[in-house]
Amino acid sequence: MYFSDETIQEEKKTSMAKNKMVYFFGNKTAEGDSTMKELLGGKGAGLAEMTKIGLPVPGGFTITTEVCDLFYKNNKKYPAGLKEEVSKNIKMLEKATGKKLGDSSDPLLVSVRSGASVSMPGMMETILNLGINDSSVQGIANKTGNLRFALDAYRRLIMMYGSTAMGIPREKFDALFDKIKQTVTRKRLKITAGTQVLDTDVNEKELELLIVQFKALYKKEIKQDFPQDPEEQLWGSIGAVFGSWMADKAITYRKVEKLFGVVGTAVNIQQMVYGNKGSTSGTGVCFTRDPNNGKNIFYGDYLVDAQGEDVVAGIRTPIKLSDFEKKDPKAYKQLCEVRLILEKHYKDMQDLEFTVEEGKLYMLQCRTGKRSPAAAFNIAVDLVSEKLISKETAVSRIKTSDIEGIFYPAIDKSHPQILKDAFIVNGIDAVPGAAAGKVCFSAEGAEAMAEKGESVILVRKETSPEDIGGMHAAQGILTATGGKTSHAAVVARGWGKCCIVGCEELNIDYVKKQFSVGKIIVKEGDFITLDGSLGNVYLGELKLVPPKLPASYETLMKWADDLRTIKVRTNADTPKDATHARKLGAEGIGLCRTEHMFFSTEDRILAIREMIIAEDAQSRKKALAKLLPIQTKDFQGIFKAMDGLGVTIRLIDPPLHEFVPHDDAGQKALAKSLGLPFATVKQRIERLHESNPMLGHRGCRLAITYPEILEMQVTAIVTAACRESKKGVKVFPEIMIPLVIDATELSILEKLTRKTADAVIEKTGIKVKYQVGTMIETPRAALLADKIACSADFFSFGTNDLTQMTLGISRDDAGKFLIDYVDENKTGIFRADPFQSLDLEGVGLLVTTGIEKGRSVKPKLKIGICGEHGGDSDSVKFCCRAGMDYVSASPFRVPVARLAAAQAAIEDKAEKAAAKKAVAKK
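Here the structure is a predicted model, which is why all the values come from computation and not from measurement.

**Student:** Looking at this structure, I do not really get unusual backbone geometry. What am I missing?
**Tutor:** Trans is the prevailing form of peptide bonds, just as negative phi is the prevailing case for residues other than glycine. The phi dihedral of Lys 28 falls on the positive side, at around 70 degrees, and the residue is not glycine. With respect to the element layout, Lys 28 can be found in the loop between strand S1 (22–26) and strand S2 (29–30). With a phi close to 55 degrees, Lys 513 is a non-glycine residue in the positive phi region. Position of Lys 513 among the secondary structure elements: in the loop between strand S19 (507–509) and strand S20 (514–517). Since its relative accessible area comes to 44%, Lys 513 is described here as partly exposed.

**Student:** What should I look at first to understand the pattern of salt bridges in this one?
**Tutor:** Where charged atoms of side chains with opposite charge meet at close range, the side chains can pair. Scanning all chains against the criterion turns up 55 salt bridges. Put simply, Arg 170 and Asp 174 hold a salt bridge, and the shortest N to O gap is 3.2 Å. Pair noted here: Arg 170 and Asp 174 are both in helix H7 (residues 170–189), with a separation of four residues, about one helical turn. For Arg 170, a relative accessible area of 29% puts it in the partly exposed group. Given a relative accessible area of 34%, Asp 174 falls into the partly exposed group.

**Student:** What is the right way to read a nonpolar patch on the surface from this model?
**Tutor:** Judged by side-chain polarity, Phe 817, Tyr 821 and Ile 829 come together as a nonpolar surface patch covering roughly 250 Å² of accessible area. Within the secondary structure layout, Phe 817 lies in the loop between helix H32 (799–807) and helix H33 (818–822).

**Student:** Looking at this structure, how should I read the sheet that holds strand S22 (residues 527–531)?
**Tutor:** The pairing of strands in a sheet comes from backbone hydrogen bonds and takes either a parallel or an antiparallel form. Pairing is mixed across the open sheet formed by eight strands, whose spatial order is S13-S23-S22-S15-S16-S17-S18-S14. Looking along the sheet, the strands with just one partner apiece sit at the ends: strand S13 (423–426) and strand S14 (428–431). Going from strand to strand, the sheet's axes swing by 30 degrees on average, the running direction of each strand aside. In this structure, S22 lies alongside strand S23 (residues 536–539), joined through four bridges in antiparallel fashion. If you follow Thr 529 over to S23, its bridge partner there is Tyr 538.

**Student:** For this particular structure, what's the right way to read the layout of surface pockets?
**Tutor:** In this structure, the second largest pocket spans a volume of roughly 530 Å³. If you go around the second largest pocket, you meet 28 residues; those closest to its centre are Ala 374, Pro 432, Gly 433, Ser 533 and Lys 548. Looking at the lining of the second largest pocket, the elements with two or more residues in it are helix H14 (373–385), strand S12 (410–411) and S14. Ranked by residues supplied to the lining of the second largest pocket, first place goes to H14 with three residues. Across the lining of the second largest pocket, the residue classes tally to 13 nonpolar, nine polar and six charged.

**Student:** Would you take a moment to explain the pairing of strand S8 (residues 299–304) for this structure?
**Tutor:** It is a general feature of regular strands that their side chains alternate between the two faces of the sheet. Counted residue by residue, S8 has six buried out of six residues, so it is predominantly covered. Here strand S7 (residues 282–287) pairs with S8 via six bridges, running antiparallel. Paired with Gly 282 across the two strands is Val 304, which belongs to S8. Here S8 runs beside strand S9 (residues 319–320); their pairing, made up of two bridges, is antiparallel. Each bridged residue has a counterpart across the sheet, and for Tyr 302 the counterpart in S9 is Ile 319.

**Student:** Before we go on, may I ask you to explain the packing of aromatic side chains in this structure?
**Tutor:** Per the stated rule, a full pass over the model turns up 23 aromatic pairs. With a centroid separation of 5.8 Å and 85 degrees between ring planes, the pair formed by Tyr 161 and Phe 226 is classed as edge-to-face. In this pair, Tyr 161 sits in helix H6 (residues 147–165) while Phe 226 sits in the loop between helix H8 (204–222) and helix H9 (230–244), placing the two residues 65 residues apart along the sequence. Its relative accessible area of 3% is what places Tyr 161 among the buried residues. According to the relative accessible area criterion, Phe 226 is buried, its value standing at 4%. Each ring, one from Tyr 302 and one from Phe 354, has its centre 5.9 Å from the other, and the planes form 5 degrees; the classification is stacked.

**Student:** Hey, could you run me through the nonpolar core in this one?
**Tutor:** Where a protein is soluble and globular, its nonpolar side chains tend to be buried together. Within the largest apolar cluster, 73 residues are counted, with the highest numbers of intra-cluster contacts made by Phe 639, Phe 795 and Phe 797. The biggest single contributor to this core is helix H28 (residues 707–726), with eight residues. Aside from chain neighbours lying at most four places away, what touches Phe 795 is Thr 774, Ile 776, Ala 785, Ile 788, Ala 789, Gly 850, Gly 854, Leu 861, Lys 862, Ile 863, Gly 864 and Tyr 886. With 52 residues, the next largest nonpolar core counts Phe 71, Val 86, Met 120 and Val 501 among its residues.

**Student:** Can you walk me through the packing of H6 against H9 in this structure?
**Tutor:** A pair of packed helices can be characterised by two numbers: the angle between their axes and the separation between those axes. For the pair H6 and H9, the least separation of the axes is 9 Å and the interaxial angle reads 45 degrees. Classified by the angle their axes make, H6 and H9 are oblique. H9 is crossed by H6, and the crossing has left-handed handedness. Counted together, Leu 157, Tyr 161, Thr 164 and Ala 165 of H6 and Glu 232, Gln 233, Gly 236, Ser 237 and Ala 240 of H9 form the full contact between these two elements. Each residue belonging to the contact of H6 with H9 can be placed in one class, and the counts come to four nonpolar, four polar and one charged.

**Student:** Sorry if this is basic, but what is going on with the environment of Val 491 here?
**Tutor:** With respect to the secondary-structure elements, Val 491 resides in helix H20 (residues 487–495). Judged by relative accessible area, which is 1%, Val 491 ranks as buried. When the C-alpha positions of Val 491 and Met 471 are compared, they lie 8.5 Å apart, and in sequence the two are 20 residues distant. Apart from residues no more than four positions distant in its own chain, Val 491 is found in contact with Pro 121, Met 123, Tyr 253, Ile 468 and Met 471.

Basis of the calculations
Within each chain, residues carry numbers counting from 1 in the order of the written sequence. Totals for whole chains, interfaces and linings use every residue, but because this is a predicted model, local features are given only for residues with pLDDT of at least 70 and side-chain atom pairs only at 80 or more, for both listing and counting. Side-chain metrics rest on all non-hydrogen atoms present in the structure, leaving aside hydrogens and water. Where helices and strands are cited, they refer to DSSP runs of H or I of at least four residues and of E of at least two residues respectively, numbered from the N terminus. Remark: exposure states derive from per-residue accessible area (1.4 Å probe, protein chains only) relative to the maximum for the residue type, with buried under 20%, exposed over 50%, and partly exposed in between. Each salt bridge in this description consists of a side-chain nitrogen of Lys or Arg and a carboxyl oxygen of Asp or Glu lying within 4 Å of one another. Like-charged residues are merged into a patch within 9 Å and nonpolar side chains (Val, Leu, Ile, Met, Phe, Trp, Tyr) within 5 Å, provided each residue has over 30% relative accessible area and no salt bridge. Each accessible area is a Shrake-Rupley result for a 1.4 Å probe, and residues are judged covered by the shown protein chains and nothing else. At least two DSSP bridges between two strands are required for those strands to pair. Axis definition: a line fitted to C-alpha atoms, limited for helices to the stretch in contact. Angles are taken between N-to-C directions and run from 0 to 180 degrees. Using only the protein atoms, space was sampled on a 1 Å grid; points where a 1.4 Å probe fits but cannot get out form cavities, open sets with protein on both sides within 12 Å along at least five of seven lines form pockets, and lining residues are those with an atom within 4 Å of a point. Grid points are joined across faces, edges and corners, and a volume is the space filled by probe spheres set on the points. Throughout, the ten residues Ala, Val, Leu, Ile, Met, Phe, Trp, Tyr, Cys and Pro are labelled nonpolar, Asp, Glu, Lys and Arg are labelled charged, and all others, Gly among them, are labelled polar. Working definition: a ring pair exists when centres of Phe, Tyr or Trp rings (six-membered ring for Trp) sit within 6.5 Å. Plane angles under 30 degrees give stacked, over 60 give edge-to-face, the rest tilted. Side-chain atoms within 4.5 Å link the members of a nonpolar core, which is a set of buried Ala, Val, Leu, Ile, Met, Phe, Trp, Tyr and Cys residues. Any two residues whose heavy atoms approach within 4.5 Å are treated as being in contact. In these notes the angle categories are as follows: under 35 degrees is roughly parallel, over 145 is roughly antiparallel, 65 to 115 is roughly perpendicular, and the rest is oblique. If you view the pair so one helix is near and one far, a crossing is left-handed when the near helix is turned anticlockwise from the far one by less than a right angle, and right-handed when it is turned clockwise.

Structure, rendered in structure tokens:
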């Protein structure tokens, strides 16, 4: 199992070529290390690093991710020299182990496993026991004294190679195995109906029969015999791993996780160790801390007499680590020692895969563990307390999805009897949180239901990587088998999605599309509710409530606030939203949309419609007078909620046609309310029609045509500010004029705004400081920002419209085709949806141009962003580096923006330090 230093050093001297494609590891020496994740993949880098620090790792070698990239760029052909490098490393492995691939008496068997630079649990392929064939199976049995083990290893290889490398549906192999278990094994052991027949119950004769059937299936499907040449098996398996990189499930996962720019997967070929050698052997997956809550306790699953795929696939429900300790205290002690070494070494919670072969521990994988959102905060804060990491590192490790997930709901437990009556069954609490939705038994069905806007709970016997689309579409996941480290649990945990596994009392019938627990029958389309924190399943759609945030959330966000250099505001149109956003950390309002206030009551919408229908200025002013007290009261509430903080209020922006009815019934009702003939109302509304209203009569253009609208709104804003100021509220109104395209245009409206505001201040006798600024949301405004800045106290980039106008793409219609633009496998034109994450190359250039030009005239010009991009992590980081003073986001995105701003400051500091170090070296 181990190799002499002499062997490795000798081979290493000649192996470090410039275009090296294969890296060897073994016996405390490795050609790679943990810093080479991009090249060796996470698994390969982890194996190399664990080898270097002296852990028991079976030897092997890694084919780099660059080879995968070249494989696809070269029409699925391997680069020149690869076969020679692989052959050379096989010889190194054979020489060091004293075993030979294909030997009939004691062959070298290897595993072939994937490993990208980012974790993609279960998305790509693995093949175990490679190298076994008809002639060597008896040799293995003789060498180990365990015929059942040899046969079990062979049937696994045929099944995995057949399904993974050759594309035979796995279900066909499973059906043959199940038939043997039900018709032969059950009868031999006299296992009663309703009791599960385990894989380990199958004996040697039954396995021999199964192997014959597996080989017959292989020949029927592939039209040739199962390969006996280990080299053919090896290259078929390497091809299967590379092929799995572009499998639908892997592509879907990368889209969901927004994994862009990852070149491919590495391939790890490693000497086999066996967990299926009987009761003193087994395999497991564990986490150095609890991934659900972050507590510093050892967490994981162990399967006796099994191989690694059995744990992840969830085909058997494993035992807890505490039971593993009782069963094999010596091996458990070894594992605990490894746990401490790795967590101290990596300074983070680790996800480990291991095998125990006849009492001896071997490590097969080490990677940063996926964790629930609450666990992410708890672990980060605890590691700082334990002096393993800095506050900056802790903040850097939190992801946007962690922020979002921490606000996931919980079940309302204020009425215990309701919960008692609705209870169906209890399973393993794999991922905390709660979810309610309609039952669906297929991934495809779940996706279809979700597209219709329905909440879905995906219910499966066990999930597989092929279910990834449905898992992502579902609100929650429920499986009948599996443990806390099964595929369903690992993937759901990464998404912060409620998940219950190992619910063995579930009797799932895919044909009838129902599951039963005792006498309770639940059909597809029925509502159930999951409590992922307790593992409870309830009938019906129970009430969900906001969760209680862990103390670590507040601690870490305080660190983030201390680190960031820009402010974070919110987009809020009501006092309620403003108050909520302030609780989430907002430091003011960056966008208050006045038009939203008009839709809240019938009286308001009628008043704005009366103004729009008015034929002359006098009639408009009369209608606007009705809106003045309403708007004033609204602004008072917002100023009060934001006491001491700035409030940017955008004057009316949408085209007027959006406020009026366009059907005859609505227009007749409006005519009746206003006491006007139906024909008059219809005619005036038709005159509002525009071919392209988003580029039409809207924003500041309305104020140019109808200055009385601006006068009413400014009067309401400043009157509200004066009233609240008189009450002792500290008000800082910022009046924002939207959609400007010219300096003269803004100058006209800025002067009218100040004239109107100053008149109110003079009338009330209460001094209020206010600012007048504009939204930069047209390309022309960004290019002429130096001239426009002469009339502005501040700029706020409205990147929603700026993106539309720069790209010439309507955000309302983009969904029909934009997916083709962000699909890296189709075009890869954009890395992400430009309406969600700022187009840095195009729109970003206009933003930086606007900032530079504006501050060339006014060096202290206040600048922010108020589009939806203000709540996107990557966009916020861009805003920080561009020199903005603040970003503004919707209330629930405020914590995301706070975190992103802090991470930008940390990254900027690190870049400056690196640059300084580079200069010092020169």
